[in-house]
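Chains, contacts and geometry: an overview
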Amino acid sequence: MLQTVSARSVVVLDFETTGLSPNQGDRAIEIGAVRLLNGQVVDRFQQLMNPGRRVSGFIENFTGISNEMLRDAPPCEAVMAQFADWLGDHNLVAHNASFDQRFLDAELSRIGRGYGGQFACSLLIARRLYQDAPNHKLGSLVAMKNIQHDGVFHRALADSEMTAGLWLAMLADLQRTYGIDTPDFALMQTLAKKPKSAVAAYLQKQR
DNA sequence: TGCCAGGCCCTCTTTAGGGCCTT
């Protein structure tokens, strides 16, 4: 029964970080996530975390997360342990998932934790479904698909909510445009790997 | 000292280079 629930619900994840690469010493400073079940947000997770060092002025400006805000935040290790418990074995979605996966893996590895779910990338799927979009940045796709948002960008929970909205919009377009009744997670993962030229034919076969 | 991401994807490609995305 748990497996059925996990297969149908996904966690949409977003990190704010000190930089682009955990391999270069960058750390997470905020995690935001929503759990989607049957097209609805049924749970949320949001937490700032103290990476143990000061963040750059660029990151303060980019995210609006200041060193002062992080000073009293719990350490990454404590937050990530909470998140691992919350995440369980759910599958994951993120915009440019390879980025968030690298940080999730790096932060969980530090505390000897892991996760059982798999990732799907909303960026790779959007590049295939919306091939004529001017670009595939999260903010641009949110505007193009008229996805509701509160005007906050580059904060973890706000970005995860918008990514969740994009995910649902893509599922709806697969139903509407291609007649796929219940596009599941595995179909989305497969779609993300298809050559763009093969997308239409692949989706026709899934009807 | 000086350097510094990584993966996808296109093309003036594949014995490579550069733009797009994420912070």
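Scroll up for the structure.
Residues numbered from 1 in each chain as written. Chains lettered and ligands numbered in written order. Predicted model: local features only at pLDDT ≥ 70, side-chain atom pairs only at ≥ 80, totals over all residues. Heavy atoms only, no water.

**Side note on the packing of aromatic side chains**
Remark: the centre distance and the inter-plane angle together describe each pair of aromatic rings, the angle taken between the planes. Enumeration over the complete set of coordinates arrives at 8 aromatic pairs. Both rings, one in Tyr115 and one in Phe119, keep their centres 6.1 Å apart while their planes meet at 85°; by these two values the pair is edge-to-face. The structure contains a cluster of three or more aromatic residues connected by ring pairs, namely Phe15, Phe99 and Phe103. (Phe/Tyr/Trp six-rings, centres within 6.5 Å; stacked < 30°, edge-to-face > 60°.)

**Structural notes on unusual backbone geometry**
Although it is not a glycine, Asn146 adopts a positive phi angle of roughly 55°. By the element assignment, Asn146 lies in the loop between helix H7 (138-144) and helix H8 (156-178). The exposure class assigned to Asn146 is exposed, which follows from its relative accessible area of 70%. Notably, His154 is not glycine yet its phi reads approximately 65°, a positive angle. Among the secondary structure elements, His154 is positioned in the loop between H7 and H8. (Helix = DSSP H or I, 4+ residues; strand = E, 2+ residues; numbered from the N terminus. Buried < 20%, exposed > 50% of the residue type's maximum accessible area, 1.4 Å probe, protein only.)

**Concerning the protein's contact with DNA strand B**
Of all residues adjacent to DNA strand B, which total 27 residues, the nearest are Glu16, Gln24, Arg128, His136 and Leu138. For DNA strand B, the fraction of atoms within 4 Å of the protein that belong to sugar or phosphate moieties is 64%. In the model, a sugar or linking oxygen of DNA strand B is placed 3.1 Å from a nitrogen or oxygen of the Thr17 main chain. Among the secondary structure elements, those contributing two or more residues to the surface near DNA strand B are strand S1 (9-17), helix H2 (57-63), helix H5 (97-110) and helix H6 (122-129). Residues of the surface near DNA strand B, tallied by class, amount to 8 nonpolar, 11 polar and 8 charged. (Near = heavy atom within 4 Å. Polar contact = N/O pair within 3.5 Å; in protein donor to acceptor, adjacent residues only side chain to side chain. Nonpolar A, V, L, I, M, F, W, Y, C, P; charged D, E, K, R; others polar.)

**Looking at H6**
H6 sits mainly inside the fold: 6 of its 8 residues count as buried. Residues of H6 that are buried sit in contact with strand S4 (91-94), strand S5 (119-121), H7, H8, helix H9 (185-193) and helix H10 (199-205). (Contact = heavy atoms within 4.5 Å.)

**A short note on the pairing of strand S3 (residues 40-48)**
In this structure, strand S2 (residues 28-37) lies alongside S3, joined through 8 bridges in antiparallel fashion. Looking across to S3, one finds that Leu37 is bridged to Gln40. The antiparallel hairpin formed by S2 and S3 contains 2 residues in its connecting segment, where Asn38 sits at a positive phi of about 50°. (Pairing = 2+ DSSP bridges.)

**Some remarks on the sheet that holds S5**
Ordered in space as S3-S2-S1-S4-S5, the 5 strands form an open sheet in which the pairing is mixed. Here the strands that pair on one side only, and so sit at the sheet edges, are S3 and S5. Shown here is a sheet whose adjacent strand axes are inclined to one another by a mean of 25°, direction ignored. This element, H5, spans S1, S2, S4 and S5 of the sheet and lies at about 80° to S1. (Axes fitted to C-alpha atoms, helices over the stretch in contact; angles between N-to-C directions.)

**Quick word on the nonpolar core**
Counting residues in each nonpolar core, the largest one holds 33 residues, and the members touching the most others are Leu129, Trp167, Met170, Leu174 and Leu203. Here this core gets 9 residues from one element, more than from any other, and that element is H8. Residues within four places of Trp167 in sequence aside, it is in contact with Val10, Leu36, Val93, Ala120, Ile125, Phe185 and Met188. Counting residues in each nonpolar core, the second largest holds 24 residues, with Val11, Leu13, Ala33 and Met49 among its members. (Core = buried A, V, L, I, M, F, W, Y, C linked by side-chain atoms within 4.5 Å.)

**A closer look at the packing of H6 against H8**
Working note: a packed helix pair is described by the angle between its axes plus the distance between those axes. The contact between H6 and H8 brings their axes to 11 Å, and the two run at 35°. Relative to H8, H6 is oriented so that their crossing is left-handed. Of the residues in H8, those touching H6 at Ser122, Ile125, Ala126 and Leu129 are Thr163, Leu166, Trp167, Met170, Leu174 and Tyr178. A breakdown of the residues in the contact of H6 with H8 according to their chemical character gives 8 nonpolar, 2 polar and no charged. (Left-handed = near helix turned anticlockwise from the far one by under 90°.)

**Observations regarding helix H4 (residues 76-87)**
In this model H4 runs 16 Å from its N-terminal to its C-terminal C-alpha over 12 residues, within 8% of the 16 Å that 1.5 Å per residue would give. Taken residue by residue, H4 has Cys76, Val79, Met80, Phe83, Ala84 and Leu87 as its buried positions. Taken end-on, H4 shows its buried residues confined to a sector of 140°, consistent with a single buried face. Looking at the buried side of H4, the elements it contacts are S1, S2, S3, S4 and H5. Looking one or two residues beyond H4, the residue adopting positive phi is Gly88, at roughly 60°. (Expected span 1.5 Å × (residues − 1). Arc of directions from axis to C-beta.)

In short, geometric facts, not functional conclusions.
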